[in-house]
Amino acid sequence: MAAEKTVVEKLENLYNLQTIDSKLDELEILKGELPMEVSDLEDEIAGLNTRIGRLETQIKDMEGEMAQHENNIAEAENLLERYSKQMDNVKNNREYEALMKEQEMQRLEIQLSNKKINQIKRDLEAKNETIVAAQARLETKNETMKVKKVELEKIIEKTEKEEQKLHKASDKARKGIEDRLLKSYDKIRKNYRNGLAVATVERNSCGGCFNRIPPQIQLEISQRKKIVACEHCGRVLVDDETAGITAEA
């Protein structure tokens, strides 16, 4: 069974891990907003492709509907022509009225189909305009993403080796820290944008939140007999000796 680490060792291990993770954070800052921008662009491009695909399906369906109405008109016109010929051979008023009624129904069918065709044409024009606009936007987004990806790849190429090295060092450092402290460390890091969970005392103040540290608390920190957290921000506080900072520095 491994021997229990002293408070000094725990503090040194925590500060060492913080130093490594801070360097990793600096590399992320170097990348800036590019990873997020690329991810957002990919989402937008996927959304635009989905929208264009949906519009194209709708247009295809509308064209099919319009073709059906055109077939209805052709069929109605054929019936009108047939009824017109039958009018020459009617034998009584009942047949005449029946043919007149059928002709009227076919004319109404033609009128209704023409009305629907005109509406579909207007809708098709609007949807085609929307597709053109969406395709133009898609092209712009694709070009922007290409540029952003090239920028990001250049930065990653420069920092990849160092990043891999730091990740290995961080994993190794984590193995030397007990789970309870590690969970607390990770929680504090997530709470602050700068990812600082372990801070030094600078000019009698916390190096994380810059609130003043009382002299008694500073004495406890320098004695390194227990782990002391800032009462304002919760960061673990270490003295200059633990941080390896000399008085001259």
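Residues numbered from 1 in each chain as written. Predicted model: local features only at pLDDT ≥ 70, side-chain atom pairs only at ≥ 80, totals over all residues. Heavy atoms only, no water.

Student: Now, about the packing of helix 1 (residues 7–31) against helix 3 (residues 93–175): what can you tell me, with residues and values included?
Tutor: The geometry of a pair of packed helices is captured by two quantities: the angle between their axes and the separation between those axes. Closest axis-to-axis distance for the helix 1/helix 3 pair is 9 Å, and the angle between their directions is 165 degrees. The angle between helix 1 and helix 3 falls in the class roughly antiparallel. Here the hand of the crossing between helix 1 and helix 3 comes out left-handed. In this structure, helix 1 contributes N16, L17, I20, D21, K23, L24, L27, E28, L30 and K31 to the contact, and helix 3 contributes L152, I155, I156, T159, E162, E163, L166, H167, A169, S170, A173 and R174. Of the residues belonging to the contact of helix 1 with helix 3, the class tally is eleven nonpolar, four polar and seven charged. (Axes fitted to C-alpha atoms, helices over the stretch in contact; angles between N-to-C directions. Helix = DSSP H or I, 4+ residues; strand = E, 2+ residues; numbered from the N terminus. Parallel < 35°, antiparallel > 145°, perpendicular 65-115°, else oblique. Left-handed = near helix turned anticlockwise from the far one by under 90°. Contact = heavy atoms within 4.5 Å. Nonpolar A, V, L, I, M, F, W, Y, C, P; charged D, E, K, R; others polar.)

Student: Describe the side chain of Q18, listing the residues and the values that go with them.
Tutor: Tracing the chain through its elements places Q18 in helix 1. Of the polar contacts made by the side chain of Q18, one reaches the backbone nitrogen of A197; its length is 2.6 Å. Each residue touching Q18, except ones within four places of it in the same chain, is listed here: Y185, R189, G195, L196, A197 and V198. (Polar contact = N/O pair within 3.5 Å; in protein donor to acceptor, adjacent residues only side chain to side chain.)

Student: Could you give me a rundown of the packing of aromatic side chains, with the residues and numbers involved?
Tutor: The tally for this structure, following the rule as stated, stands at zero aromatic pairs. Across from the ring centre of Y192, 3.7 Å away, lies the NZ or CZ of R235, which sits over that ring. (Phe/Tyr/Trp six-rings, centres within 6.5 Å; stacked < 30°, edge-to-face > 60°. Lys NZ or Arg CZ within 6 Å of the ring centre and 35° of its normal.)

Student: Report on the sheet that holds strand 3 (residues 228–229), specifying residues and quantitative values.
Tutor: The strand order across the open sheet built from four strands is 2-1-4-3, with neighbouring strands paired in mixed fashion. Two strands in the sheet have a free side with no partner beyond their single neighbour: strand 2 (205–206) and strand 3. Of the pairings in the sheet, the one linking strand 1 (residues 198–202) to strand 4 (residues 236–238) comprises three bridges and is parallel in character. Residue T200 lies in a different strand from strand 4, and its bridge partner there is V238. (Pairing = 2+ DSSP bridges.)

Student: Explain the pattern of salt bridges to me, and be specific about the residues and the numbers.
Tutor: Going through the model one piece at a time under the given rule, you end up with 15 salt bridges. As a salt-bridge pair, E44 and R137 come within 3.6 Å of each other at their nearest N and O atoms. Highlighted residues: E44 in helix 2 (residues 34–86) and R137 in helix 3, separated in sequence by 93 residues. Residue R137 is classed as partly exposed on the basis of its relative accessible area, which comes to 45%. Its salt-bridge partner being K146, residue E143 comes within 3.8 Å of it at the nearest N-O pair. Of this pair, E143 and K146 both sit in helix 3, separated by three residues, roughly a single helical turn. (Salt bridge = Lys/Arg side-chain N within 4 Å of Asp/Glu carboxyl O. Buried < 20%, exposed > 50% of the residue type's maximum accessible area, 1.4 Å probe, protein only.)

Student: Lay out the nonpolar core in plain terms, naming residues and giving numbers.
Tutor: By size, the foremost hydrophobic cluster in this structure holds 18 residues, and its most contacted members are L14, L17, I177, Y185 and V198. Mapped by element, the contributors of at least two residues to this core are helix 1, helix 3, helix 4 (179–191) and strand 4. Considering each element in turn, this core owes the most residues, six residues, to helix 1. Apart from the residues lying within four places of it in its own chain, the contact partners of I177 are N13, L14, L17 and L182. (Core = buried A, V, L, I, M, F, W, Y, C linked by side-chain atoms within 4.5 Å.)

Student: Which residues make up the layout of surface pockets, and what values do they have?
Tutor: Its boundaries defined by the atoms lining it, the largest pocket holds a volume of some 340 Å³. In terms of lining residues, the largest pocket is bounded by 15 residues, among which D25, E28, I29, G32 and R193 are the most central. Those elements that place two or more of their residues in the lining of the largest pocket are helix 1 and helix 2. Looking at the lining of the largest pocket, the element that brings in the most residues is helix 1, giving five residues. Counted by class, the lining of the largest pocket contains five nonpolar, four polar and six charged residues. (1 Å grid on protein atoms, 1.4 Å probe; cavity = no way out; pocket = protein on both sides within 12 Å on 5 of 7 lines; lining within 4 Å. Points joined across faces, edges and corners; volume = space filled by probe spheres on them.)

Student: Summarise the packing of helix 1 against helix 4; cite the residues concerned and give the values.
Tutor: Running from amino to carboxyl end, helix 1 crosses helix 4 at an angle of 35 degrees, the nearest separation of the two axes being 12 Å. As helix 1 runs across helix 4, the sense of the crossing is right-handed. On helix 4, the residues that touch K10, L14, L17, Q18, D21 and D25 of helix 1 are L181, L182, Y185 and R189. Looking at the contact of helix 1 with helix 4, its residues break down into five nonpolar, one polar and four charged.

Student: Any chance you could break down the pairing of strand 1 for me, citing the residues and the numbers?
Tutor: Within strand 1, four of the five residues are buried, leaving the element largely enclosed by the surrounding structure. Looking at chain direction, strand 1 and strand 2 are connected through two bridges and run antiparallel. Residue pairing in the sheet places V201 in a bridge with C206 of strand 2.

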